[in-house]
Every structure is written in structure tokens, then in C-alpha cells.
Amino acid sequence: MRNNTQRIYERLSRGEFLSVDSIDSSIRHLYEDVEENVEDYTDYFREIGLQLEAGNGFFYFSRIGEGKQTVEQKLESFSKWLDYMDFLKCYNQSFTAGYQFRKSHLIEQVSLDIELKEKANHLFRKYGAGTHVEIVNKLLQEMLNIGFAECISELDETFKVTSAFRYAEELVEMIQIANEDEVPE
């Protein structure tokens, strides 16, 4: 077992990501260690039933031989992220890894843009947040918890989207490709 195995396990087993562009130096250190020793970590985690997965600038776990209930839970969670992605891309088409934004600007845009307001209201009904501020707070908290964004300035509440966000983008892209491949009747 390598020195960082426990710390890597603790983070990834909670469904979080390790991103190359994290502002947290300890997360970047873990990312670099995995990148340099990917075969060792892959072999070790495989022995305990976890698959170490690599994306473009991020690592995460998937489970080997997941049960039906786990797959259903993931689909439900992904459904939520489809809604979130739709909302965020409506806010700004450039919303991707490396993008920086202020919470206040996002809230302001929700109050000014009719389409964004409708999408926010949809999120309210579906995910139980009330005001636009609550909706943005819930979304930001989820992004922070999973590692899709990090706060780079608490003073003005500026956030940066991490490389791990590409995971959600790639899943959406796979769905779009699958839909394009369907033949209309």
C-alpha cells in the first residue's frame, strides 16, 4: 500500500473527485501521486472491489459489478446533474473546467434572464429549494461537495469549475450521441 492510499480512498469513496487543477494543494498532490502510480493504485483498489477511473484531468471510483439498486441510485443522481448542467449551460455556454464565476452574478442573471428563471423554478419544484438564492446555494454546495467547483475567493464568493466537471459533461455528451444514433420511426 502506498503512502496516500487511505487519503485517496477516503475522498474517492465518498463520490468525490481528484482534479489536476484543484486550488487545494493536498488534492493536487493526491492527483499527482495517482497519476504517477496509476497501475499500483488501480491494482490495489481493484482488490477491494473498486475501479479507479481516469478522465481528462480527474480521477474517481466506480464499483465493479454494481447491483441494480446502485445503478438506479446513480441514474437518479445523474438525472439531477442533467438538470443542473442544463441550468449552468443556460447561464453561460462557456461553463466548463477552468470557468470562474461569482455567486452574486449567477443570482443576478437568474432574476434577469427569463429562460434561466424558468429553469431555476424547475429546479425549485424538483429539488426542494425555494428562492433563487436558495437554488444557487444548493447547486453550489453540491458542486463543492463532489469537487466540481472550488471557492477561490470567500470575500466576493468567486468559484472556479474544476476538471472533474468534465465527468458530467462527458455523460451528457454520451446521452446526446446515443439520441442522435436513434433512428426515427
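Here the structure is a predicted model, which is why all the values come from computation and not from measurement. Position numbers for residues start from 1 in each chain and track the written sequence from start to end. With the structure being a predicted model, the display of local features is reserved for residues of pLDDT at least 70 and the display and counting of side-chain atom pairs for 80 or more, all residues being used for whole-chain, interface and lining totals. By convention in this description, side-chain values take in all heavy atoms of the structure and omit both hydrogens and water.

## Describing the overall build of the protein
So the rule is basically this: Secondary structure follows DSSP: runs of H or I at least 4 residues long count as helices, runs of E at least 2 residues long count as strands, and numbering of each begins at the N terminus. Three exposure classes are used, based on accessible area relative to the maximum for each residue type with a 1.4 Å probe and protein chains only: buried under 20%, partly exposed in between, and exposed over 50%.
Helix and strand counts for the protein stand at eight helices and six strands. In the protein, buried positions account for 39% of the 185 residues.

## Here's the deal with unusual backbone geometry
We note that Glu157 has phi near 50°; this positive angle belongs to a residue other than glycine. If you trace the backbone, Glu157 turns up in the loop between strand E5 (149-153) and strand E6 (158-161).

## Here's the deal with the pattern of salt bridges
What counts here: The working definition used for a salt bridge is a side-chain nitrogen of Lys or Arg within 4 Å of a carboxyl oxygen of Asp or Glu.
A complete count under the given rule lists nine salt bridges for this structure. In this structure, Arg11 and Glu16 form a salt bridge, with 2.8 Å as the shortest nitrogen-oxygen distance. Judged on exposure class, the residue Arg11 and its partner Glu16 are both buried. In this structure, Arg102 and Asp156 form a salt bridge, with 2.8 Å as the shortest nitrogen-oxygen distance. Of this pair, Arg102 sits in strand E4 (residues 100-102) while Asp156 is found in the loop between E5 and E6, placing the two residues 54 residues apart along the sequence.

## Observations regarding the environment of Asp21
Within the element layout of this structure, Asp21 appears in the loop between strand E1 (18-19) and helix H2 (25-36). Considering only alpha carbons, one finds Asp21 and Gly98, 77 residues apart in sequence, at a separation of 8.1 Å.

## Things to note about a nonpolar patch on the surface
Quick reminder of the rule: To count toward a patch, a residue needs a relative accessible area over 30% and no salt bridge; like charges are then connected within 9 Å, while nonpolar side chains (Val, Leu, Ile, Met, Phe, Trp, Tyr) are connected within 5 Å. Exposure was quantified through the Shrake-Rupley algorithm and a 1.4 Å probe, taking into account, for residues, occlusion by the shown protein chains and nothing else.
A cluster of nonpolar side chains, contributed by Tyr9, Tyr44 and Ile48, occupies part of the molecular surface with about 260 Å² of accessible area. Topologically, Tyr44 is positioned in helix H3 (residues 38-47). Classification of Tyr44 as partly exposed rests on a relative accessible area of 32%.

## Regarding the packing of helix H5 (residues 103-112) against helix H7 (residues 132-146)
Geometrically, a packed helix pair is captured by the angle between its two axes and the distance between the axes. Rules: To obtain each axis, a line is fitted to C-alpha atoms, and for helices this fit is confined to the stretch in contact; angles are then taken between N-to-C directions over 0 to 180 degrees. Orientation labels follow simple angle bins: below 35 degrees gives roughly parallel, above 145 gives roughly antiparallel, 65 to 115 gives roughly perpendicular, and whatever is left gives oblique. Note: crossing handedness is left-handed where the near helix turns anticlockwise from the far helix by less than a right angle, and right-handed where it turns clockwise. Only heavy atoms enter the contact rule, under which two residues are in contact if any of them lie within 4.5 Å. Only Asp, Glu, Lys and Arg are considered charged, only Ala, Val, Leu, Ile, Met, Phe, Trp, Tyr, Cys and Pro nonpolar, and every remaining residue, Gly among them, polar.
Relative to each other, H5 and H7 sit at 135°, their axes nearing to 10 Å. Classed by the angle they form, the pair H5 and H7 counts as oblique. Considering the relative orientation of H5 and H7, their crossing is right-handed. Counted together, Lys103, Leu106, Ile107 and Val110 of H5 and His132, Val133, Val136, Asn137 and Leu140 of H7 form the full contact between these two elements. Of the residues that constitute the contact of H5 with H7, the class distribution is six nonpolar, two polar and one charged.

## Digging into H7
To be explicit about the condition: Given the number of residues in a helix, its expected span is that number minus one, multiplied by 1.5 Å. As used here, the arc belongs to the directions running from the helix axis to the C-beta atoms.
Relative to the 21 Å expected for 15 residues at 1.5 Å per residue, H7 spans 21 Å between its end C-alpha atoms, a close match to the ideal helical length. Within H7, the full set of buried residues consists of Ile135, Val136, Leu139, Leu140, Glu142, Met143 and Ile146. Here the buried residues of H7 occupy an arc of 160° about the axis, which is enough to place them on one side. Within two residues after H7, Gly147 carries a phi angle of roughly 100°, on the positive side.

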